[in-house]
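Secondary and tertiary structure notes
Read off the chains here:
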Amino acid sequence: AKARGRATYAIFEPQVATSAYANLVLEGQLGHAIEHGEFALLFQPQVRTRDGMPVGVEALIRWQHPERGLLAPDEFIALAEQHRLIVPIGAWVLREAARCARHWHQHGLDLTVAVNLSTLQFQAPGFVDSIDRLLKETGLPTGWLELELTERMLMDDVPAVRERLLQLRALGVKLSVDDFGTGYSSLAHLKELPIDKMKIDRSFVRELPGQRQATAIARAIIQLASGLGLGVVAEGVETDAQRRFLAEAGCEQLQGLGISPPLTAPHLESWVRSRRS
Ligand code: C2E
Ligand code: CA
Ligand code: CA
Ligand code: CA
């Protein structure tokens with residue numbers, strides 16, 4: 001009996017067992033995190049390359065976990081997606097981001113606020129209506145909410161996606177393609193979609209200006225955006241050399257630790273004011 005017991009144990013990887021259990025616990029806690037007020041948004045500035053003026057922010061979620069401290073999205077978004085909890089969590093993010101944006105507008109700070117979407121959220125029936133309601137409820141002026149979608153979200157069922165994007169755009173929502181260059185966009189399809197902006201993925205920006213391929217790709221994305229009449233923002237800008245390269249290549253906007261890390265709403269507000277005065 002003892003030998004069999006040991007053999008049974010051997011098929012369990014202790015770490016796997018622990019992390020499956022830990023995930024189960026985390027999932028249960030995730031289900032209550034909204035009502036317990038444990039989520040928070042940070043806002044990372046996006047500036048105009050030409051003069052460094054702040055033009056917008058990207059909202060980034062954090063989970064203030066009661067025992068584990070502040071968790072980054074990498075530690076819980078995938079889990080939330082697996083269990084569809086991303087739909088209510090995403091709705092909370094949108095509400096909170098719109099509320100902050102309206103507050104800034106009422107205080108003279110015109111900043112677009114960009115929100116990351118998950119596939120499940122974007123595809124959920126009633127998503128467009130929920131955005132319509134949100135904009136009416138918060139009274140956020142049109143044109144100041146931006147949604148970030150990945151190439152993967154855009155390229156599956158292009159006609160249906162196009163229809164949905166047109167409805168969103170009719171509400172005055174701006175649409176941006178996140179992590180551009182890492183997915184598999186068909187340029188023919190891209191041209192059919194009502195997109196406003198492309199975000200050059202950090203993996204290319206990181207290699208600038210030294211690495212030949214990344215340099216070529218970054219230049220190509222900037223040219224493509226400009227040829228299609230779209231805005232372009234580089235993410236993950238950390239160094240002066242990257243900033244100079246992107247300015248010279250004609251990249252319109254910059255975002256990254258070299259400009260500012262993600263900030264709480266009050267810090268963001270003072271950061272923007274100090275830049276404008
Ligand atoms: P992302 O959309 O590509 O967001 C940019 C990530 O890069 C953020 O990480 C940001 O803090 C980080 N970052 C910004 N500047 C720099 C830099 O100069 N260098 C480096 N190394 N990193 C930089 P974060 O906040 O941990 O978010 C990770 C990902 O989680 C996001 O990637 C996004 O895909 C997802 N995410 C964040 N918030 C939400 C949300 O509300 N909903 C959904 N569905 N996903 C979210
Ligand atoms: Ca993003
Ligand atoms: Ca991104
Ligand atoms: Ca990225």
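Here is what the cut-offs are and how they apply
- Residues numbered from 1 in each chain as written.
- Chains lettered and ligands numbered in written order.
- Predicted model: local features only at pLDDT ≥ 70, side-chain atom pairs only at ≥ 80, totals over all residues.
- Heavy atoms only, no water.
- Helix = DSSP H or I, 4+ residues; strand = E, 2+ residues; numbered from the N terminus.
- Expected span 1.5 Å × (residues − 1).
- Contact = heavy atoms within 4.5 Å.
- Phe/Tyr/Trp six-rings, centres within 6.5 Å; stacked < 30°, edge-to-face > 60°.
- Donors = N, O, S within 2.8 Å, 3.2 Å for Na, K, Ca; no water.
- Buried < 20%, exposed > 50% of the residue type's maximum accessible area, 1.4 Å probe, protein only.
- Near = heavy atom within 4 Å.
- Polar contact = N/O pair within 3.5 Å; in protein donor to acceptor, adjacent residues only side chain to side chain.
- Areas by Shrake-Rupley, 256 points an atom, 1.4 Å probe, with all protein chains shown as cover.

If you check an unreviewed UniProt entry, the chain appears there as EAL domain-containing protein from Sphaerotilus microaerophilus.

1. Focus: helix H11 (residues 212–227)
Between its first and last C-alpha, H11 extends 22 Å over 16 residues, near the 22 Å set by a 1.5 Å rise per residue. Buried positions along H11 lie against strand S6 (174–180), strand S7 (197–200), helix H10 (202–205), strand S8 (231–234) and helix H12 (240–249). Positive phi appears at Gly229, one or two residues downstream of H11, with a value of about 75°.

2. Thoughts on the packing of aromatic side chains
In the structure shown here, the tally under the stated rule is 6 aromatic pairs. On the basis of an interplanar angle of 35° and a centroid distance of 5.9 Å, the ring pair of Phe39 and Phe76 is categorised as tilted. One end of the pair, Phe39, is in strand S1 (residues 39–48); the other, Phe76, is in the loop between strand S3 (69–71) and helix H3 (77–82), with 37 residues separating them in the sequence. Ring centres of Phe43 and Trp104 lie 4.9 Å apart, and the angle between their planes is 85°; this geometry places the pair in the edge-to-face category. A residue pair is termed long-range when its members are at least 10 positions apart, and Phe43 in strand S1 and Trp104 in helix H4 (residues 86–106) qualify at 61 residues.

3. Notes on the coordination of the calcium ion (ligand 2)
Geometry sets the ideal angles at a metal, namely 109.5 degrees for four tetrahedral donors and 90 or 180 degrees for six octahedral donors. Ligation of the calcium ion (ligand 2) by protein atoms is provided by Glu58 (OE), Asn116 (OD1), Glu148 (OE) and Asp178 (OD), these donors lying 2.1 to 2.3 Å from the ion. Separating the calcium ion (ligand 2) and the calcium ion (ligand 3) is a distance of 3.6 Å, and Asp178 donates to both of them. Note that Glu58 is positioned in strand S2 (residues 54–65) and Asn116 in strand S4 (residues 112–116), a separation of 58 residues in sequence. What makes Glu58 buried here is its relative accessible area of 6%.

4. Remarks on the site of ligand 1
Taken together, 21 residues lie near ligand 1, and Arg62, Ser118, Arg202, Glu238 and Leu257 sit nearest. Separating an oxygen atom of ligand 1 from a backbone N or O atom of Leu257 is a distance of 2.8 Å. For ligand 1, whose free accessible area comes to 790 Å², the fraction covered by protein is 80%. Looking at the shell around ligand 1, the elements with two or more residues in it are S2 and S6.

5. Some remarks on the environment of Thr138
Within the secondary structure, Thr138 sits in helix H6 (residues 127–138). Judged by its relative accessible area of 10%, Thr138 falls in the buried class. Spatially, the C-alpha atom of Thr138 lies 33 Å from that of His189, the residues being 51 residues apart in sequence. Thr138 has contacts with Ala98, Arg99 and Arg102, leaving out every residue within four places of it along the chain.

6. Concerning the coordination of the calcium ion (ligand 4)
Bound to the calcium ion (ligand 4) on the protein side are Asp179 (OD), Asp201 (OD) and Glu235 (OE), at distances that span 2.5 to 2.7 Å. Separating the calcium ion (ligand 4) and the calcium ion (ligand 3) is a distance of 3.3 Å, and Asp179 donates to both of them. Taken together, the positions of Asp179 in strand S6 and Asp201 in the loop between S7 and H10 put the pair 22 residues apart, joining distant regions of the chain. Here Asp179 falls in the partly exposed class, since its relative accessible area comes to 25%. Its relative accessible area of 11% is what places Asp201 among the buried residues.

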